[in-house]
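# What the coordinates show
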Amino acid sequence: MDRPATRYVSVGDADVAYQVVGEGSIDLLYFYGLGSHVEGWWDDPDTAEFFRRLASFSRLILFDRRGTGASDAVPQSAIPTWEEWAEDIGAVLDAVDSRHAAIIATIDAGPIAILYAVAHPERVSALVLVNTAARYMTADDYPVGASPEDVDAFLELFRTAWGTPEFVAVPNPGLTDDPERMEWAARLLRLCATPRMATAQYEYMLRSVDVRPVLSVIQAPTLVLHVHDNPSVPIEHGRFLAQNIEGAQFVELPGRDILITREMYPLVDEVARFLTGRRQPIQVERVLTTLMFSDIVDSTSRAAQLGDHDWRSLLDRHDQAVRSQIARAAGREVNTTGDGFLASFDGPARAIRCAFDMIEETRRLGVPIRVGVHTGECEMRGEDLAGLAVHIAARVAAAALPGEVLVSSTVKELVIGSGIEFDSRGQHELKGVPGAWSLFAART
């Protein structure tokens, strides 16, 4: 799916960014809250696939509320109230000419969506609440909330660690074995808000928000989804919502992360079933293909040394060089990872030769890259590729040295007679992939 265009709608004296994806008969507004960035979401393949699945049965509307992401910042001394943030929902729906929409709201966006649904029942066809709460702090009549001491500690984490992998790991403990995705998520937070802005917004949400009094008057059919083991928003919050919203359905999801991961894809099935009465079939074609992952070596430190402008210019030249070699070798660009590429080829020898050409072209730019190649069966969904083979290719690339083309034993066996030679790099444990893998460095 192509990256959608970002547009803006005025709310008061601010611009709110939004996107529209898909052409389904159901309007579906996805509201993430603090941490959202409508541009940055699409840089992550798992999140892009998640949105693609939602858009397969809906007209999906994404937006960043005021004070986060691509929307205008707000003064720290004048953080919008949750009532004012609810105005963002109405403005975006008006901008896309949606008179009746279902709303998916997650984490701190949940109470805002609840308020909007209560105030505008004629515009909300359904409400889906994901990993959220009616109130966050404990009270005499709300023992499932966090203690004042826990809230203080959490806000201190915002002040000191916002925008770092360490912060990402707190609500997403399952991502700690995926440093690349952790770094993407940390960068997304930095794009969304500064530490002070994030702290100010969350302090207001944690200490002040309490929508329990209005739960009983929600008219929209409601589905409550909650991952089972998240430490930041315990599942008891979700159970409370479901028990106090008349007719609400409650579904426990596997996993423990708040961020969108492949483990959360069942959420799409639950939403599709709830909104359409049936689960959405995913058209999957399985193909055998050769996958090539490339990655710039030490890209984070290089970007810090050069600064944003020079790094962006160098990255553009790198992208042009890589794309030109992929096209020359009759490969197909599947997607980019920010500082690298995933491409597919009809044969492994062609992929290896392309990899060496890429290394040479980027070397002339002063940009060292490493490349991994693996051949395996993939699931093909539209233009995207998924499955274990993709993960193996990524892990092979991560194990390569600068300027090296590292391949799996499968690739080595398939190119016998091609004139390509190999040096053994021994047995490797590939993160998230069972067993030990024999890897080889290609030589031409």
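Here is a short report on the structure shown in this document. Only a predicted model underlies this, so the values are computations on that prediction, with no experimental measurement involved.

Take the pairing of strand β2 (residues 14-21) next. Counting buried residues along β2, six of its eight residues qualify, which places the element largely inside the surrounding structure. Direction of pairing for strand β1 (residues 7-11) relative to β2: antiparallel, over a ladder of five bridges. Each bridged residue has a counterpart across the sheet, and for Val 11 the counterpart in β2 is Ala 14. Between β1 and the antiparallel strand that follows it, β2, lie two residues; Gly 12 among them carries a positive phi value of about 65°.

Attention now goes to the packing of helix α11 (residues 308-328) against helix α12 (residues 348-364). Across the interface, α11 lies against α12 with an axial gap of 9 Å and an inter-helix angle of 155°. By the criterion of interaxial angle, the relationship of α11 to α12 is roughly antiparallel. Taken as a pair, α11 and α12 cross one another with a handedness that is right-handed. Seen from α11, the contacting residues are His 318, Ala 321, Val 322, Gln 325, Ile 326 and Arg 328; seen from α12, they are Cys 354, Asp 357, Met 358, Glu 361 and Thr 362. The class makeup of the residues in the contact of α11 with α12 is five nonpolar, three polar and three charged.

This next bit is on the sheet that holds strand β7 (residues 222-227). With mixed pairing, eight strands are arranged side by side in an open sheet as β1-β2-β4-β3-β5-β6-β7-β8. A single partner strand is all that each edge strand has here, and the edge strands are β1 and β8 (249-253). With direction set aside, neighbouring strand axes in the sheet form an average angle of 25°. Two strands pair when backbone bridges link them, and strand β6 (residues 124-130) and β7 are joined in this way by four bridges, in the parallel orientation.

Let's shift gears to the environment of Arg 181. Counting through the fold element by element, Arg 181 comes out in helix α6 (residues 179-192). Looking at Arg 181, the relative accessible area reads 7%, which means it is buried. When the C-alpha positions of Arg 181 and Pro 45 are compared, they lie 9.9 Å apart, and in sequence the two are 136 residues distant. Excluding residues that lie within four positions of it along the chain, Arg 181 makes contacts with Asp 44, Asp 46, Thr 47, Leu 175, Leu 259, Ile 260 and Thr 261.

Attention now goes to unusual backbone geometry. If you check the backbone angles, Asp 97 has positive phi at about 60° while not being a glycine. Take Asp 97: it is sitting in the loop between α2 (82-95) and β5 (101-106). Not every positive phi belongs to a glycine, and Ile 107 is a case in point at roughly 50°. Its location among the elements puts Ile 107 in the loop between β5 and α3 (109-119). By relative accessible area, which is 7% here, Ile 107 ends up buried.

Across soluble globular proteins, you tend to see nonpolar side chains buried next to one another. Tyr 30, Phe 51 and Leu 54 are the most contacted members of the largest nonpolar core, which totals 110 residues. Contact partners of Tyr 30, with chain neighbours within four places excluded, come to Phe 50, Phe 51, Leu 54, Leu 60, Ile 61, Leu 62, Phe 63, Ile 104, Thr 106 and Ile 260.

With the rule as written, the count across this model stands at 33 salt bridges. Ionic pairing is found between Glu 49 and Arg 53, a salt bridge with its closest N-O pair at 2.8 Å. With Glu 49 and Arg 53 both in helix α1 (residues 45-55), this residue pair falls four residues apart, about one helical turn. Since its relative accessible area comes to 6%, Glu 49 is described here as buried. For Arg 53, a relative accessible area of 10% gives the class buried. Residues joined in a network through salt bridges with shared partners are Arg 135, Asp 141, Asp 210 and Arg 212.

Here the focus is α2. Here α2 contains 14 residues, and its C-alpha end-to-end distance of 20 Å stays within 8% of the 20 Å for a straight helix at 1.5 Å per residue. Asp 97 lies just past α2 and shows a positive phi near 60°.

Bringing helix α9 (residues 265-276) into the picture now. Here α9 is twelve residues long and its end C-alpha atoms lie 17 Å apart, about the 16 Å a rise of 1.5 Å per residue gives. Within α9, burial applies to Tyr 265, Leu 267, Val 268, Glu 270, Val 271, Ala 272 and Phe 274. For α9, the elements touching its buried residues are β3 (26-31), α1, β5, β6, β7 and β8. In the stretch just after α9, Gly 277 is the one whose phi turns positive, near 85°.

Taken as a whole and assessed by the stated rule, the structure comprises 16 aromatic pairs. Seen from their ring centres, Phe 158 and Trp 162 are 5.5 Å apart, and the 15° between their planes marks the pair as stacked. Accessibility classification places Phe 158 together with Trp 162 in one group, the buried group. Here the aromatic rings of Trp 162 and Phe 167 are separated by 5.2 Å at their centres, their planes lie at 70°, and the arrangement is edge-to-face. On the basis of relative accessibility, which here comes to 8%, the residue Trp 162 falls in the buried class. What makes Phe 167 buried here is its relative accessible area of 6%.

Reading the values: rules and limits
- Residues numbered from 1 in each chain as written.
- Predicted model: local features only at pLDDT ≥ 70, side-chain atom pairs only at ≥ 80, totals over all residues.
- Heavy atoms only, no water.
- Buried < 20%, exposed > 50% of the residue type's maximum accessible area, 1.4 Å probe, protein only.
- Helix = DSSP H or I, 4+ residues; strand = E, 2+ residues; numbered from the N terminus.
- Pairing = 2+ DSSP bridges.
- Axes fitted to C-alpha atoms, helices over the stretch in contact; angles between N-to-C directions.
- Parallel < 35°, antiparallel > 145°, perpendicular 65-115°, else oblique.
- Left-handed = near helix turned anticlockwise from the far one by under 90°.
- Contact = heavy atoms within 4.5 Å.
- Nonpolar A, V, L, I, M, F, W, Y, C, P; charged D, E, K, R; others polar.
- Core = buried A, V, L, I, M, F, W, Y, C linked by side-chain atoms within 4.5 Å.
- Salt bridge = Lys/Arg side-chain N within 4 Å of Asp/Glu carboxyl O.
- Expected span 1.5 Å × (residues − 1).
- Phe/Tyr/Trp six-rings, centres within 6.5 Å; stacked < 30°, edge-to-face > 60°.

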